[in-house]
Amino acid sequence: GKKAPEPEPEPEPEPEVEVEEEVEEIDEAALEKATKAAIRAAEEEAARLEEERLAAIDWTAPDEEVDDGNPIPVHLRDIFAKDAKPSKRRSSGTVTTGVRMEGVKKSFKGMEVLNGMSWDCQKGEKVGLVGWNGAGKTTQLRIITGEMEADEGEVMLADKVKIGYLTQEFEVKESNTVREEFMNAFGEESVVIQNTERIQKELENEPNMELMTILLEKLDELQKQADRLDLFNMERAIDKIMPQLGFVPEDNDRLVASFSGGWQMRISLGKILLQEPGLLLMDEPTNHLDLDAIQWLEEYLKTLEVPMVIVSHDREFLDQLCTKTVEVERGRATTYKGNYTDYQRQKVSGSAQQMVKYEKYMKEVTRQREMIRRLSGGGQSGRANAAAKELERLLDDPVEKPWVEKERRFRFPDAPRSTQIVARVENLTHGYDEKTLFKNTSLQVDRGERVAMIGPNGCGKSTMMRLMQQKEKPRAGTAMMGDSDQCKVNYFYQNQAEGLDTEKGVLQTLVEAAPDEGLNDLKALLGRMKFSTSFHNKPVKFLSGGEKARLALAKFMVTPANVLLLDEPTNHLDIPSKEMLEEALQSFEGTVIAISHDRYFLRQIATRVLNFDNGVVSDYMGDYSYFLEKNEKAGARDARLQKAAKEVEKTQVKAKSKMSKAEKAKLKKEKAKAFGGGSGQKKANKNAGRWN
């Protein structure tokens, strides 16, 4: 008779079953909506934290004085000026060839630029370092050369490796002859002897072990340099390299100043190679070069075995050269096999797969949170705890959201219509010294045309633009713009970024350029130019070269005009900024005259082409493709490049087709499933084809 209590627990499971069923049925549509809201909230929170972090930086505070830990006495430092200073972060002989970065970190004014960079470059490899301007690409090159110190991590270099560094500013002395300039690569004999004596004298003072090691290594290097300074060997090395670089014996006594930028680049590169570097770093080497010089450089670099790291925004250049691509994004490095096009394909497909994973993960997080919310009120503490544990497990191992760049659009401000004839040149003859640039040239530019001026450096394109604006007087004939009251001209001259006032803030620069524009419109433009709110008061002097170029472009874009004159506007711009400019020019209702060597840019904007070649200006009344079709020389060269690109494409198609149909279908299905029916499918990022 003591079995009475048994029936009591029976009623309990029933409500639990009922509640369970009720809880299980989380409406899919509601869950999808809640997931999207959660993703949006996570994005907003991340953006808020980033803004807070950046806003806390005091840009006016002086830089902290850092003890550089350099054991070399001040009076000897000039001998080591071109060397990387001794550093605990740089080690020699830890890799057999090239360079390896391991967990490198670097901050400026508390703002993290590099956050654990790891990548390498070995013999035979040509590594393209790509990413936004301001992402820290040049910073990494400067850390490798030792010009700058990393905060954390290690830079491993081959033993006693000599680093060659080719930048967009070619280091040449214009008053030297070509032969003298090449001889300079070896240093001066008297200086080598003098420095050897100074170091020997310092060694007599019995320095500590660390300094002694450094001095003995330098002495060894100076001795080797003295051996190389053997006149016979120097002459032989120069005689060997000059024809490889395209110079003929008659060039020996010509002044460096008499050569164009493209040829000065060859001299600069030759001087670097005469020093027999074991690692070659290049920072935007094609920036000031014309098409012929760029293509010569591509072909020549292909023949070199030296490990190379290339920073460039010239997509075609990267495609022709790179065997490996390292993307620098938000302080981290991701390595992709192959050239720029290979990297893009892998990145797009990787991002799509990562987005599917991220959306699934966020859906699961949202589901568990919803379960906890529904269960916590009743007698479901056990199941609520289980859901809480599952949520904790998910949050401990989060799936990262792939970085997707926002599309950025811009339109030039409206301006009244100009006169029908925007520019007119009649029987124009002009030149400098002995050189005639144009003879009896006549042409007319009408309203609404987008005219591209192309041709080698030094053929008179920029001069023609200045003559049209009457900034120079021609030798004979006339060149002029339309009526100045009706033709509002905005001129983007070469290296416009150098004209910015470095003491002013970023926003102040735009406010002064366009006082009639609304402040919010200017802030919105800065946002599209990738300057967040915290950048607004940042003085221009703290911007990287690429960021200054973006700001100069923004300043140009807010100035109302109906005629735009652009002299190499895409120099120093990263690819998303180039694309933004192209779109704005395509929708611009006024007239555009642009000088450019950027093949992609020309294809996008030109409706008419003026080709400058040996004093003759040929007029092609069609776009860039029409010009290539009609101009045999340029067309043949382009066909050769297209063929090379198709060869690259074949290898890509094979790699792409390795993903079976079933796998492709599965990816598509998963993507749709993650958002219940695919309404959340992202459009393919139209920027993806050109992102750098």
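Residues numbered from 1 in each chain as written. Predicted model: local features only at pLDDT ≥ 70, side-chain atom pairs only at ≥ 80, totals over all residues. Heavy atoms only, no water.

This part takes up the overall build of the protein chain. Within the protein chain one finds 21 helices and 19 strands. Put simply, 73% of the contacts in the protein chain that link residues at least 6 apart link residues at least 24 apart. As displayed, the protein chain offers around 36100 Å² of accessible surface, 49% of which is attributable to carbon and sulfur atoms. (Helix = DSSP H or I, 4+ residues; strand = E, 2+ residues; numbered from the N terminus. Contact = heavy atoms within 4.5 Å. Areas by Shrake-Rupley, 256 points an atom, 1.4 Å probe, with all protein chains shown as cover.)

Here we take up the confidence of the model for the protein chain. Confidence in the prediction for the protein chain averages 81 pLDDT; 84% of positions are at 70 or higher. Of the regions scoring below 50 in pLDDT, residues 14-22 engages in four contacts with residues more than four places distant in sequence or in other chains. Within the model, the stretch residues 651-658 combines pLDDT values under 50 with eight contacts to residues more than four positions away or in other chains. (pLDDT = per-residue confidence, 0-100.)

Within the secondary structure, Gly153 is located in strand 5 (residues 152-157). With 64 residues separating them in the primary sequence, Gly153 and Arg89 have C-alpha atoms 6.5 Å apart.

Our next topic: helix 3 (residues 137-145). Within helix 3, seven of the nine residues are buried, which leaves it mostly tucked inside the rest of the structure. Count one or two residues on from helix 3 and you reach Gly146, which has phi positive near 90 degrees. (Buried < 20%, exposed > 50% of the residue type's maximum accessible area, 1.4 Å probe, protein only.)

A few words now on the sheet that holds strand 6 (residues 163-166). Read across the sheet, six strands follow the order 6-7-8-4-9-10 without closing on themselves; strand pairing throughout is mixed. Edge positions in the sheet fall to strand 6 and strand 10 (332-337), since each of these pairs with one other strand and no more. Neighbour-to-neighbour, the strand axes of this sheet turn through a mean angle of 20 degrees, independent of strand direction. Here six bridges tie strand 9 (residues 324-329) to strand 10, and the two strands are oriented antiparallel to one another. Paired with Lys324 across the two strands is Lys337, which belongs to strand 10. (Pairing = 2+ DSSP bridges. Axes fitted to C-alpha atoms, helices over the stretch in contact; angles between N-to-C directions.)

Turning our eyes to something else, we now look at the sheet that holds strand 12 (residues 435-446). Pairing in this open sheet of three strands is antiparallel, and the strands run 12-11-14 from one edge to the other. On the outer flanks of this sheet lie strand 12 and strand 14 (476-481), each paired with one strand and no other. Along the sheet, successive strands turn relative to each other by an average axial angle of 20 degrees, direction set aside.

Before going further, it helps to spend a moment on the pattern of salt bridges. Where charged atoms of side chains with opposite charge meet at close range, the side chains can pair. According to the stated counting rule, one finds 35 salt bridges in the structure shown. With its nearest N and O atoms 3.8 Å apart, the salt bridge here joins Arg599 to Glu298. Of this pair, Arg599 sits in helix 18 (residues 599-605) while Glu298 is found in helix 9 (residues 291-302), placing the two residues 301 residues apart along the sequence. Neither Arg599 nor Glu298 differs from the other in exposure class; each is buried. Salt bridges linked by common partners bring Glu298, Asp314, Glu316 and Arg599 together as one network. (Salt bridge = Lys/Arg side-chain N within 4 Å of Asp/Glu carboxyl O.)

Applying the stated rule across the entire model yields 15 aromatic pairs. Their ring planes at 10 degrees and their centres at 5.0 Å tell us that Trp296 and Tyr300 sit as a pair that is stacked. Of this pair, Trp296 and Tyr300 both sit in helix 9, separated by four residues, roughly a single helical turn. Residue classification places Trp296 among the buried residues on the basis of a relative accessible area of 17%. Overall, Tyr300 belongs to the buried group, its relative accessible area being 9%. Seen in terms of ring centroids, Phe492 and Phe556 are 5.3 Å apart; in terms of plane orientation they differ by 85 degrees. Their pairing is edge-to-face. Of this pair, Phe492 sits in strand 15 (residues 489-492) while Phe556 sits in helix 16 (residues 545-557), placing them 64 residues apart in sequence. As far as the burial class goes, Phe492 and Phe556 line up, both buried. (Phe/Tyr/Trp six-rings, centres within 6.5 Å; stacked < 30°, edge-to-face > 60°.)

As a further point, take helix 13 (residues 461-468). For an α-helix the count is 3.6 residues per turn, leaving residues at separations of three or four pointing the same way. In terms of residue burial, helix 13 counts as a mostly covered element, since seven of its eight residues are buried. For helix 13, the set of buried residues is Lys461, Ser462, Thr463, Met464, Met465, Leu467 and Met468. Immediately downstream of helix 13, the backbone of Gln470 shows phi near 60 degrees, a positive value.

Extensive coverage of strand 4 (residues 126-130) is indicated by the burial of five of its five residues. The two faces of strand 4 match: Lys126, Gly128 and Val130 on one face and Val127 and Leu129 on the other face are all buried. Pairing analysis gives four bridges linking strand 4 to strand 9, with the strands arranged parallel. Its bridge partner being in strand 9, Val127 is matched across the sheet by Lys324.

The next point concerns unusual backbone geometry. The phi torsion at Glu276 lies on the positive side, around 50 degrees, for a residue other than glycine. In this structure Glu276 comes out as exposed when scored by relative accessible area, which is 60%. The phi angle at Asn440 is positive, at roughly 50 degrees, despite the residue not being glycine. Within the fold, Asn440 resides in strand 12.

This paragraph deals with the environment of Arg266. Within the element layout of this structure, Arg266 appears in helix 8 (residues 261-274). A relative accessible area of 10% means that Arg266 is categorised as buried. Counting along the chain gives 22 residues from Arg266 to Gln244, while the straight-line C-alpha distance between them is 9.9 Å. For Arg266, the residues in contact, after removing those within four places along its chain, are Leu245, Gly246, Phe247 and Trp296. Reaching out from Arg266, the side chain makes a polar contact with the backbone oxygen of Leu245 at a distance of 2.9 Å. (Polar contact = N/O pair within 3.5 Å; in protein donor to acceptor, adjacent residues only side chain to side chain.)

This part is about the nonpolar core. With 56 residues, the main nonpolar core has Phe182, Leu269, Leu280, Leu297, Tyr300 and Leu301 as its most contacted residues. Shared between two domains, this core holds at least three residues of each, these being domain 1 (95-157 + 165-174 + 261-278 + 294-320 + 327-335) and domain 2 (176-254). Counting 39 residues, the second-largest nonpolar core is a separate cluster that includes Phe412, Phe492, Ala561 and Phe588. (Core = buried A, V, L, I, M, F, W, Y, C linked by side-chain atoms within 4.5 Å. Domains from an automatic or database assignment.)

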